[in-house]
Amino acid sequence: MNHKNSEKLYQKGLKHLVGAVNSPVRAFASVGGNPLFIKKAKGSKIVDVDANKYIDYVLSYGPMILGHRHKKVEKAIKKALKNGYTFGASTKNEIKLAKIVCDAFTGIDKVRFVNSGTEAVLSALRLARAYTGKDKIIKFSGCYHGHSDALLVAAGSGLATLSLPGSKGVPEGAVKNTLIANYNDIDSVKAHFDKHDDIAGVIIEPIAGNMGVVLPQENFLKELKDYLHSKNALLIIDEVMTGFRSKFGGAQEVLGVEADITCLGKVIGGGFPVGAYGARNEIMEMVAPLGGMYQAGTLSGNPIAMAAGIATLTELKKQNPYQKFEEVALWLENTLLEKANKHNIDIVVNRFGSMINPFFTKGKVTNFEEAQQSDTEKFAVFFWEMINSGIFLPPSQFEAWFLSSSLSEKDLEKTEKAIDKAMKAVAK
Ligand code: PLP
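Keep in mind that what you see is a predicted model, and the values were worked out from it rather than measured.

## Here's the deal with the overall build of the protein
Consideration 1: Of the regular secondary structure elements, the protein holds 15 helices and 14 strands.
Consideration 2: Computed over the C-alpha atoms, the radius of gyration of the protein is 21 Å, within 12% of the 22 Å expected from 2.2 N^0.38 for a compact globule of 428 residues.
Consideration 3: For the protein, the spread of C-alpha atoms along the principal axes amounts to about 60 × 55 × 45 Å.
Consideration 4: Every one of the 428 residues in the protein was classed for burial, and the buried ones make up 52%.
Consideration 5: Across the protein, contacts joining residues at least 24 apart in sequence account for 75% of those joining residues at least 6 apart.

## A look at the pairing of strand β7 (residues 199-204)
Consideration 1: Where burial is concerned, most of β7 is hidden: 6 out of the 6 residues are buried.
Consideration 2: Relative to β7, strand β5 (residues 136-140) runs parallel, the two sharing 4 bridges. Opposite Ile 138, over in β7, you have Val 202 as the bridge partner.
Consideration 3: The sheet contact formed by β7 and strand β8 (residues 234-238) spans 4 bridges and is parallel. Bridging across to β8, Ile 203 finds its partner in Ile 236.

## Points about the site of the ligand
Consideration 1: Taken together, 16 residues form the shell around the ligand, and within it Ser 116, Gly 117, Thr 118, Gly 146 and Val 240 come nearest.
Consideration 2: Per-class residue counts for the shell around the ligand are 5 nonpolar, 9 polar and 2 charged.

## Looking at unusual backbone geometry
One can expect most non-glycine residues to show negative phi and most peptide bonds to be in trans.
Consideration 1: Going from Ala 288 to Pro 289, the amide bond is cis rather than trans, its omega being 15°.
Consideration 2: Its place among the elements puts Pro 289 in the loop between α10 (281-284) and α11 (303-319).
Consideration 3: Unusually for a residue other than glycine, Ala 51 sits at a positive phi of about 70°.
Consideration 4: Residue Asn 184 is not a glycine yet carries a positive backbone phi of 70°.
Consideration 5: Tracing the backbone shows Asn 184 in the loop between β6 (178-181) and α7 (186-195).
Consideration 6: Residue Asn 184 is classed as partly exposed on the basis of its C-beta count, with 16 C-beta atoms lying within 10 Å.

## A closer look at the sheet that holds strand β3 (residues 53-56)
Consideration 1: What the 4 strands build is an open sheet, ordered β1-β2-β3-β13; its pairing is mixed. What marks the edges here is a single partner per strand, and that holds for β1 (38-42) and β13 (391-392).
Consideration 2: Here 3 bridges tie strand β2 (residues 45-48) to β3, and the two strands are oriented antiparallel to one another. Pairing of Lys 45 across the sheet is with Ile 55, part of β3.

## What about helix α12 (residues 322-342)?
Every α-helix carries 3.6 residues per turn, so stepping three or four residues along brings you back to the same face.
Consideration 1: Taking 1.5 Å per residue, 21 residues should reach 30 Å; α12 reaches 30 Å between its end C-alpha atoms and fits that length.
Consideration 2: Lining the buried residues of α12 we find β11 (348-352), β12 (355-359) and α15 (409-427).
Consideration 3: Looking one or two places after α12, you find Asn 344, whose phi comes out positive at around 60°.

## Topic: the sheet that holds β12
Consideration 1: Judged by pairing direction, the sheet is antiparallel, and its 3 strands sit side by side in the order β11-β12-β14 without closing on themselves. Each end of this open sheet is capped by a strand with a single partner; those strands are β11 and β14 (401-402).
Consideration 2: The sheet contact formed by β12 and β14 spans 2 bridges and is antiparallel. In the sheet register, Met 355 faces β14, and the bridge partner there is Phe 402.
Consideration 3: Its contacts with the sheet place α12 against β11 and β12, and it is angled at close to 175° to β11.

## Quick word on the environment of Gly 390
Consideration 1: Turning to its location among the elements, Gly 390 is positioned in the loop between α14 (376-388) and β13.
Consideration 2: Gly 390 gets classed as partly exposed once you count the C-beta atoms within 10 Å, which come to 17.
Consideration 3: In this structure the C-alpha to C-alpha distance between Gly 390 and Arg 69, which are 321 residues apart in sequence, comes to 20 Å.
Consideration 4: The contacts of Gly 390, once residues within four sequence positions are left out, are Lys 53, Tyr 54, Ile 55, Lys 414 and Ala 418.

Definitions and cut-offs
- Residues numbered from 1 in each chain as written.
- Predicted model: local features only at pLDDT ≥ 70, side-chain atom pairs only at ≥ 80, totals over all residues.
- Helix = DSSP H or I, 4+ residues; strand = E, 2+ residues; numbered from the N terminus.
- Rg over C-alpha atoms; globule rule 2.2 N^0.38 Å.
- Buried ≥ 20, exposed ≤ 12 C-beta atoms within 10 Å, placed from the backbone.
- Contact = placed C-beta atoms within 7 Å.
- Pairing = 2+ DSSP bridges.
- Near = placed C-beta within 6 Å.
- Nonpolar A, V, L, I, M, F, W, Y, C, P; charged D, E, K, R; others polar.
- Expected span 1.5 Å × (residues − 1).
- Axes fitted to C-alpha atoms, helices over the stretch in contact; angles between N-to-C directions.

Right, here's the structure in full:
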């Protein structure tokens, strides 16, 4: 497989783009080599500028749950395009998408659309502060909630990949109200409440996907919610990655816990820039124009994005692929373990619904510290072997692989062969 055209574009891109990418997770910093440049995608496949075809387990970091260019989504986008691109005024489809979201999440009466997961989360924090009248927020080490100042601490994802503890340029004042707790450790949350009486809430990835996939221990979220309510604080569940992906009603439906404020993104935009935050009426009524918490956006509720979101969620509901995701993920877990075992390699596989990834480590991975024990050099070897066998994975040990409903039996057979070859290469 050659990557000559990607290499050429990378060199060209370096002149006017930072690192030739528009998001650092797309750089191949921790696996070596240069980023691939993509030309097109359809269904379960993505094609680079050298005409190499890959089975796509990145899916644009989650949104493309139906696979690329689903015909119903594409039809809806084309139809919307004919009416205009953005109006700075309300449209019928905003109401339609809002209803789909509110019907899916029992804890959401009203929703506000924004343009990204980052915006959804930073607005949700402002709302939690507005509602409780308190300033501090607790986040968990290894959870990523977008790149707003207050949350760029111990943030997993690209920061973990680049081994950065936080970000330069974030003033001390911006993070002074951010407290860090350990995932799956309720005592580390309680310790903060023992010291501070102005904590507005806790934000959590219900299934962490940004330190690799890490699951909450049984009842962790329920216990957390009960404790927070006893302290008059809110549970903010960041379902930007898991919303409509773990189940139609998000990870909350699977785990049987309802957030006070829910953040959404990725899948709800069907591949276009959409985020959202929602909650019960009494909380959402704090938001302008009904209340005094200000949040706005020129392109929020963009008509093309709304059309793509409605078509994606409608088709997703019809397909109901969640049982199939479970079966494919179980098969993938067994395949990874079997091939690793065959070549004497230690791995741990974590998965939840359509999110999965292997960690090149022993034992178990239940938090960021354990995830960081992984051998990233082994991952790099594995990654490149997979690429060269036509399997597109995130270029980082600390990112989840995603499944789409467009994966075929043939794709899985090819994936199995590639994993065998890649594990063999790691063993060398
Ligand atoms: N929250 C979570 C859980 C995410 O995984 C991400 C992105 O990966 C974000 C928030 C930020 O979303 P965006 O990249 O759309 O700003």
